Amino acid sequence: MEAAATTPVWKIIQFDVTEPYDIVCIDGKLPAHLTKCKGIYFSIKNYLDTAISEIPEAGEISLLFNSRKTHPVHDTIGYSKVPTVKRPVFKKLSQMLLPNQTITGFYLDYGKVLDRRGHFLPYTVNIYFECECFKEMNHGQ
Amino acid sequence: MADIKYQIIKIPVAAAGESVKFSADTDKLFSKITGLSASLPDEKAIPGCTLELKIADKEIFPEEWELKMITCNQSVTPNDRFFASVQEEAHGNRVDGRFTDGSVPGITYPYLAKIYLRLEGKI
């Protein structure tokens with residue numbers, strides 16, 4: 001018999017980048033009932049009037065899960081001011097989550113998010129986590 | 001094939017940066033929500049817009065969830081525009097949310113933001 005599909009649980013950790021070449025410490029927690037992170041997506045939030053329409057590498061992110069026990073993510077984050085053609089897709093991850101552990105890491109800005117006059121544009125980054133939880137807690141939360 | 005119904009929720013946005021609460025009931029005659037999508041009259045307005053969403057009091061999209069996560073442009077085929085990861089009970093359940101405009105320069109106000117629900121399993 002086909003298993004009934006259930007909606008994943010999505011959580012967001014957000015941080016601000018205020019200066020060029022900023023190094024931002026990331027320190028967050030996911031709810032204890034989440035058991036697995038199966039996808040991740042990074043997004044520079046809000047509209048930025050950047051000099052170029054696409055910045056493939058605005059900065060670099062590194063994330064450690066389960067209070068620094070695992071290090072599954074080291075990646076770059078890009079920005080495009082062109083409206084998206086297709087809906088963003090979560091990058092696949094298969095990370096078991098231990099309850100009440102932290103997600104830590106850093107983000108390093110590359111100093112590329114500039115307006116037409118070459119001035120840095122401060123921005124906000126959303127980290128989306130696509131997670132699974134205990135089946136009995138999946139509904140009625 | 002099971003019956004399918006598409007339901008629209010329209011959200012009036014009067015000014016830049018406005019945050020609008022909305023709620024709607026899903027059709028009682030359908031058992032499941034099998035996807036959702038969203039659109040704005042001007043696709044340039046999408047960056048920075050956020051959509052917080054609950055279905056039957058269960059959090060689906062948390063605060064700060066960007067609208068772009070569930071939008072596509074017209075080059076994507078209609079069936080592929082739906083974000084099918086959302087699989088929830090319909091049965092007249094309430095959809096509550098908050099839409100916040102992204103304050104993109106050059107956008108004309110007021111406008112109507114639209115959220116589309118795909119419902120299946122006619123009772």
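Just so we're clear, the structure is a prediction, and the values are computed from it rather than from any experiment.

1. Structural notes on the pairing of strand β2 (residues 19–25) of chain B
Residues and elements named next belong to chain B. Side chains of β2 alternate between two faces, with V20, F22 and A24 buried and S19, K21, S23 and D25 left unburied. In the sheet, β2 pairs with strand β7 (residues 94–100) via seven bridges, with the strands oriented antiparallel. Each bridged residue has a counterpart across the sheet, and for V20 the counterpart in β7 is F99.

2. Here's the deal with the interface of chain B and chain A
On the side of chain A, 27 residues touch chain B, which itself brings 34 residues to the contact. For the pair chain B and chain A, the summed buried surface comes to about 2500 Å²; carbon and sulfur atoms form 56% of the total. Where chain B meets chain A, there are two salt bridges. The closest approach of N and O atoms between E64 of chain B and K45 of chain A, which form a salt bridge, is 2.5 Å. Counting every contact that joins chain B to chain A gives 14 residue pairs in polar contact (both at pLDDT 80 or more). Top contributing element to the side of chain B that touches chain A by residue count: strand β5 (residues 58–61) of chain B, with four residues. Partitioning the side of chain B that touches chain A into residue classes produces 14 nonpolar, seven polar and 13 charged.

3. A word on the environment of I107 of chain B
Residue and element names in this part refer to chain B. As for its placement among the helices and strands, I107 is situated in the loop between β7 and β8 (111–122). A sequence separation of 62 residues divides I107 from A45, and the C-alpha atoms of the two residues are 6.4 Å apart. Those residues in contact with I107, other than ones at most four positions away along the chain, are D42, K44 and A45.

4. Comments concerning the packing of aromatic side chains
One pair of aromatic rings is described through two measures. These are the centre distance and the angle between the planes. A full pass over the atoms with the stated rule returns 16 aromatic pairs over all chains. Ring geometry for W10 of chain A versus F83 of chain B: centroids 5.3 Å apart, planes at 35°, classification tilted. Remark: F83 of chain B occurs in the loop between β5 and β6 (88–89) and W10 of chain A occurs in strand β1 (residues 9–17); the pair is interchain, linking two chains. Comparing W10 of chain A with F83 of chain B shows no difference in burial state: the two are buried. Centre to centre, the rings of F120 of chain A and Y123 of chain A are 6.1 Å apart; their planes meet at 50°, and the pair counts as tilted. Following the ring pairs from residue to residue traces out a cluster consisting of W10, Y41, F90 and Y128 of chain A together with F61, W65 and F83 of chain B.

5. Topic: the pattern of salt bridges
Here the structure, examined in full by the defined rule, presents twelve salt bridges over all chains. The closest approach of N and O atoms between K91 of chain A and D75 of chain A, which form a salt bridge, is 2.4 Å. Here the residue K91 of chain A occupies a position in strand β6 (residues 91–96), and D75 of chain A occupies one in strand β5 (residues 70–80), the gap between them amounting to 16 residues. Since its relative accessible area comes to 46%, K91 of chain A is described here as partly exposed. The partner of D25 of chain B in a salt bridge is R94 of chain B, with the nearest N and O atoms 2.9 Å apart. Here the residue D25 of chain B occupies a position in strand β2, and R94 of chain B occupies one in strand β7, the gap between them amounting to 69 residues. Overall, R94 of chain B belongs to the partly exposed group, its relative accessible area being 40%. Residues participating in the shared-partner salt-bridge network are D49, K81 and R116 of chain A.

What counts, and where the lines are drawn
Residues numbered from 1 in each chain as written. Chains lettered and ligands numbered in written order. Predicted model: local features only at pLDDT ≥ 70, side-chain atom pairs only at ≥ 80, totals over all residues. Heavy atoms only, no water. Buried < 20%, exposed > 50% of the residue type's maximum accessible area, 1.4 Å probe, protein only. Helix = DSSP H or I, 4+ residues; strand = E, 2+ residues; numbered from the N terminus. Pairing = 2+ DSSP bridges. Contact = heavy atoms within 4.5 Å. Buried area = accessible area lost by both parts, 1.4 Å probe. Salt bridge = Lys/Arg side-chain N within 4 Å of Asp/Glu carboxyl O. Polar contact = N/O pair within 3.5 Å; in protein donor to acceptor, adjacent residues only side chain to side chain. Nonpolar A, V, L, I, M, F, W, Y, C, P; charged D, E, K, R; others polar. Phe/Tyr/Trp six-rings, centres within 6.5 Å; stacked < 30°, edge-to-face > 60°.

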